[in-house]
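Descriptive analysis of the structure
Chain by chain, the residues run as shown.
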Amino acid sequence: MSDTLRPPGAFEDVEGTLAALPAQRRSPSWARPDPIDELADKMAEFVAAAVHPDEVAAALESDGMSDDQIRERYGVRNSFALAEELYGRVARNHPEPAEPPHDPWRIGLLGCLLRGIVFALPGLGHVLAAPLLAGPRDGFGLPSGTVPMLAGALCGWTWNQGLAHRAYTWLGLGDRAAARRVLLVGTPAGALLGSLVALAVAGPARPGAVVFAAGQSAYLGAATVLLVMGRERLLLAALAPVTAGAVVTVLYPVPDLARTALLLVSLAAVALLGLREVAPAARESGEGGRRSVLAALLPRGSRRHGTETAGRTGVPRPASAGRSAGGKRSAAPRRRGVAGRVGVRRPAGSPPQTRGAESSGRTGVPRPASAGRPARGKRPSPPRRSGVAGRLRARRSTPRRTAGTLPYALFGLGSGVLVLHAALGDVLAGAGTTVAAPAAVALTLSMGPAEWLLYRFRSGSLAGLRAGGSARAFRRITGGVLVRCLAAYLTALLALTLGTSALWPHATASTDAVRLAGLLLLGAVLWTGLLLQSFGAVTGTAVVVCAAALVQTEALVTLVGDPNRVALLVHGTAAVAQTVLVCTRLRRATAHR
């Protein structure tokens, strides 16, 4: 029927083709252009690089646009509706940076190797201290005084690992003074604790071993101060007398008095250098100084001694920040706009909001603290939590004193026990009379390359975040970097073990295949544990390492099997568990931020 309504050829030209459509009607000259198109042209570069409309909404609110202005000017409901319009009208364009992106994980190899040497050089002090440890072998088959020395060393490793974590936490927050205060109080306490442990193990019958263990504890504490504060070169210079004395002792006989003098000179140098590092904190006097020292020792989130945390980021701020003149806490401003919708929080390094600057509506523009308050009275305080549910919520939101530091200390204890088993397992089990010192020396020296390879992995994972176009591609890139870094560390550990075994007298047993395999698996456990620590996943690795140390100690006490085969089985199981933890933790891209 429609054919009867149009004359034949009405829309065809003489050649049988469709006629040209009439030109579109143009807007009159008096009509204004679409304001949203104008805004899209103005913000084209920013909108094209945005990954979500909420990012555009945040930019609109930061420019001070209110919802009333947006409705009047652009005819849409609010900033989010306008952001969606802009996001839909502008094509996506994510330009590559003009310069190579900054890599915060790039670090020099020389500095890490220097730290590994500094870790190993104190072992030369045992060569000079041979007269202090002279005597018949004890019930474990070890030289006299070895057990008190090892007990003090384990105590020092455990304590200083936790102390270093607490100090590094304050350094990460930019509070170097608080880190010094932590070291000022924690270092003498750790030295005293290590000395008491050695005295309890040795008893009064071995004063020379107790004296050496006390000096060792003091050295461990002072060396921790220098390493945390980045003074590796000073520590290396302070160890020069011990290093030179040990080399001379190997070649020529050295009197006992000279040996003791060299040990005391190096110990005094390290102690004085450590004291110089914490001297600014030691000069604090008065009640305020004592309170600041105690506040630095408390975990982040504690509200005692004049400090408390700013929000959930854990940044310390004065206890009076955010309080009114009467001492009452003012109510926290409500989150509005994009911050309330997408959960944006204040960065950890930014200063907290105080009474003088509070959020102003949706735009986030600071306003005076008194703006918007009644003429008389103060802003009402938030209701106090009451009842069992409120107390439980308050308890869950309050961090425990040892929640952050204890896993690091336990990791230091477990790894120290595993290293001692690698060095003394044969002697303690009665399967040999020679200490596997090259294994301990190689593990200690390998901590330098291990640290550098940890930085290389973080750098490679950051590059994978930029290069990977999907989650699967990112996991493939990160997995390749992990395999290469772990293989490089095990290669360095193998080379160091073979080198020290070749130079060490009577160390042919260190090249046994079973012993080497167990040592390499132990290296894999330690390196993956340090990797998990660098990502904050310390609880799982502390459990694995401590469980491995406990199982190996129980097997040694009960004399179950050959020590080297037991170590191979225990280290292999721990390495598999650590690998599972690494794959579970690091497969998510959010863990590498």
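Not measured: the values here are computed from a predicted model.

Conventions and cut-offs
- Residues numbered from 1 in each chain as written.
- Predicted model: local features only at pLDDT ≥ 70, side-chain atom pairs only at ≥ 80, totals over all residues.
- Heavy atoms only, no water.
- Helix = DSSP H or I, 4+ residues; strand = E, 2+ residues; numbered from the N terminus.
- Buried < 20%, exposed > 50% of the residue type's maximum accessible area, 1.4 Å probe, protein only.
- Contact = heavy atoms within 4.5 Å.
- Areas by Shrake-Rupley, 256 points an atom, 1.4 Å probe, with all protein chains shown as cover.
- Axes fitted to C-alpha atoms, helices over the stretch in contact; angles between N-to-C directions.
- Parallel < 35°, antiparallel > 145°, perpendicular 65-115°, else oblique.
- Left-handed = near helix turned anticlockwise from the far one by under 90°.
- Nonpolar A, V, L, I, M, F, W, Y, C, P; charged D, E, K, R; others polar.
- Core = buried A, V, L, I, M, F, W, Y, C linked by side-chain atoms within 4.5 Å.
- Expected span 1.5 Å × (residues − 1).
- Patch = residues over 30% accessible without salt bridge, like charges linked within 9 Å, V, L, I, M, F, W, Y side chains within 5 Å.
- Salt bridge = Lys/Arg side-chain N within 4 Å of Asp/Glu carboxyl O.
- Lys, Arg positive; Asp, Glu negative; His and termini not counted.
- Charge placed at Lys NZ, Arg CZ, Asp CG, Glu CD.
- Phe/Tyr/Trp six-rings, centres within 6.5 Å; stacked < 30°, edge-to-face > 60°.
- Lys NZ or Arg CZ within 6 Å of the ring centre and 35° of its normal.
- Arc of directions from axis to C-beta.
- Polar contact = N/O pair within 3.5 Å; in protein donor to acceptor, adjacent residues only side chain to side chain.

1. What about the overall build of the protein?
From N to C terminus, the protein includes 24 helices and two strands. Burial statistics for the protein: of 593 residues in total, 40% are counted as buried. At a minimum sequence separation of 6, the contacts of the protein that also span at least 24 residues come to 72%. With an accessible surface of roughly 33500 Å², the protein has 62% of that area assigned to carbon and sulfur atoms.

2. Some words on the packing of helix H10 (residues 176-202) against helix H11 (residues 207-228)
Each packed pair of helices is defined by two parameters, the angle between the axes and the distance between the axes. Contact pair H10 / H11: the axes reach a minimum separation of 8 Å and the direction vectors enclose 155°. As summarised for this structure, H10 and H11 are arranged roughly antiparallel, according to the angle between their axes. In this structure, H10 crosses over H11, and the sense of that crossing is right-handed. Contacts from Leu 183, Thr 187, Ala 191, Gly 194, Ser 195, Ala 198, Leu 199 and Ala 202 in H10 reach Val 210, Ala 213, Ala 214, Ser 217, Ala 218, Gly 221, Ala 222, Val 225 and Val 228 in H11. Partitioning the contact of H10 with H11 into residue classes produces 12 nonpolar, five polar and no charged.

3. Points about the nonpolar core
Side chains of nonpolar character tend, in soluble globular proteins, to be buried together. Within the largest apolar cluster, 51 residues are counted, with the highest numbers of intra-cluster contacts made by Leu 443, Phe 457, Tyr 489, Trp 527 and Leu 531. It is helix H18 (residues 406-429) that provides the largest number of residues to this core, a total of eight residues. Filtering out sequence-adjacent residues up to four positions away, Leu 531 remains in contact with Leu 454, Phe 457, Leu 482, Val 582 and Leu 586. Counting residues in each nonpolar core, the second largest holds 21 residues, with Ala 57, Met 65, Ile 70 and Ala 81 among its members.

4. A word on helix H23 (residues 538-558)
Here H23 spans 30 Å end to end across 21 residues, near enough to the 30 Å set by a 1.5 Å rise per residue. Two residues or fewer after H23 comes Leu 559, characterised by a positive phi angle close to 55°.

5. Things to note about the environment of Leu 263
Examined against the element boundaries, Leu 263 turns out to sit in helix H14 (residues 256-282). Judged by its relative accessible area of 19%, Leu 263 falls in the buried class. Each C-alpha atom, one on Leu 263 and one on Gly 125, is 6.9 Å from the other, the two residues being 138 residues apart in sequence.

6. Quick look at the side chain of Glu 232
Structurally, Glu 232 is set in helix H12 (residues 232-238). When neighbours within four sequence positions are excluded, Glu 232 is seen to be in contact with Leu 114, Arg 115, Val 118, Leu 226 and Leu 227.

7. A look at a positive patch on the surface
Residues Arg 472, Arg 475, Arg 476, Arg 587 and Arg 588 make up a contiguous surface patch of positive charge. Relative to the helices and strands, Arg 472 is located in helix H21 (residues 471-503).

8. Notes on the packing of aromatic side chains
As enumerated under the stated definition, the model contains two aromatic pairs in all. Between the aromatic rings of Trp 105 and Tyr 455, the centroid separation amounts to 6.3 Å while the plane-to-plane angle is 50°, which identifies the pairing as tilted. With Trp 105 in the loop between helix H6 (79-89) and helix H7 (109-120) and Tyr 455 in helix H20 (residues 447-467), the pair connects residues that are 350 residues apart, well separated along the chain. Classification of Tyr 455 as partly exposed rests on a relative accessible area of 27%. Note on Phe 457 and Phe 535: the rings are 6.1 Å apart at their centroids and 75° apart in plane angle, and the pair reads as edge-to-face. With a gap of 78 residues between them, Phe 457 in helix H20 and Phe 535 in the loop between helix H22 (513-534) and H23 connect regions that are remote in the sequence. Neither residue differs from the other here; Phe 457 and Phe 535 are each classed as buried. Lying over the aromatic face of Tyr 87, Arg 92 brings its terminal NZ or CZ to 3.8 Å of the ring centre. Across the ring face of Phe 535, the terminal group of Arg 458 is positioned such that the distance to the ring centre comes to 3.9 Å.

9. A short note on the packing of H7 against H20
In contact at an axis separation of 7 Å, H7 and H20 are set at 145° when each is read in the N-to-C sense. H20 is crossed by H7, and the crossing has right-handed handedness. Contact with H7, carried on its side by Leu 109, Cys 112, Leu 113, Arg 115, Gly 116 and Phe 119, involves Met 447, Gly 448, Pro 449, Glu 451 and Trp 452 of H20 and no other residues of that element. Looking at the contact of H7 with H20 residue by residue, the class counts come to seven nonpolar, two polar and two charged.

10. A few points about the environment of Leu 581
In this fold, Leu 581 is placed in helix H24 (residues 563-586). The exposure class of Leu 581 is partly exposed, given its relative accessible area of 30%. For the pair Leu 581 and Thr 541, spaced 40 residues apart in sequence, the C-alpha separation works out to 7.8 Å. Setting aside residues no more than four positions away along its own chain, Leu 581 makes contact with Leu 532, Gly 540, Thr 541 and Val 544.

11. As for helix H2 (residues 35-42)
The set of residues buried in H2 consists of Ile 36, Leu 39 and Ala 40. For H2, the arc enclosing every buried residue in end-on projection is 105°, short of the 170-degree limit, so these residues lie on one face. Among the exposed residues of H2, those pointing more than 90 degrees away from its buried face are Asp 41 and Lys 42. Contact partners of the buried residues in H2: helix H3 (44-49), helix H4 (53-62), helix H5 (67-74) and H6. For H2, the N-terminal capping position is held by Asp 34, with its side-chain oxygen 3.2 Å away from the main-chain nitrogen of Ile 36.

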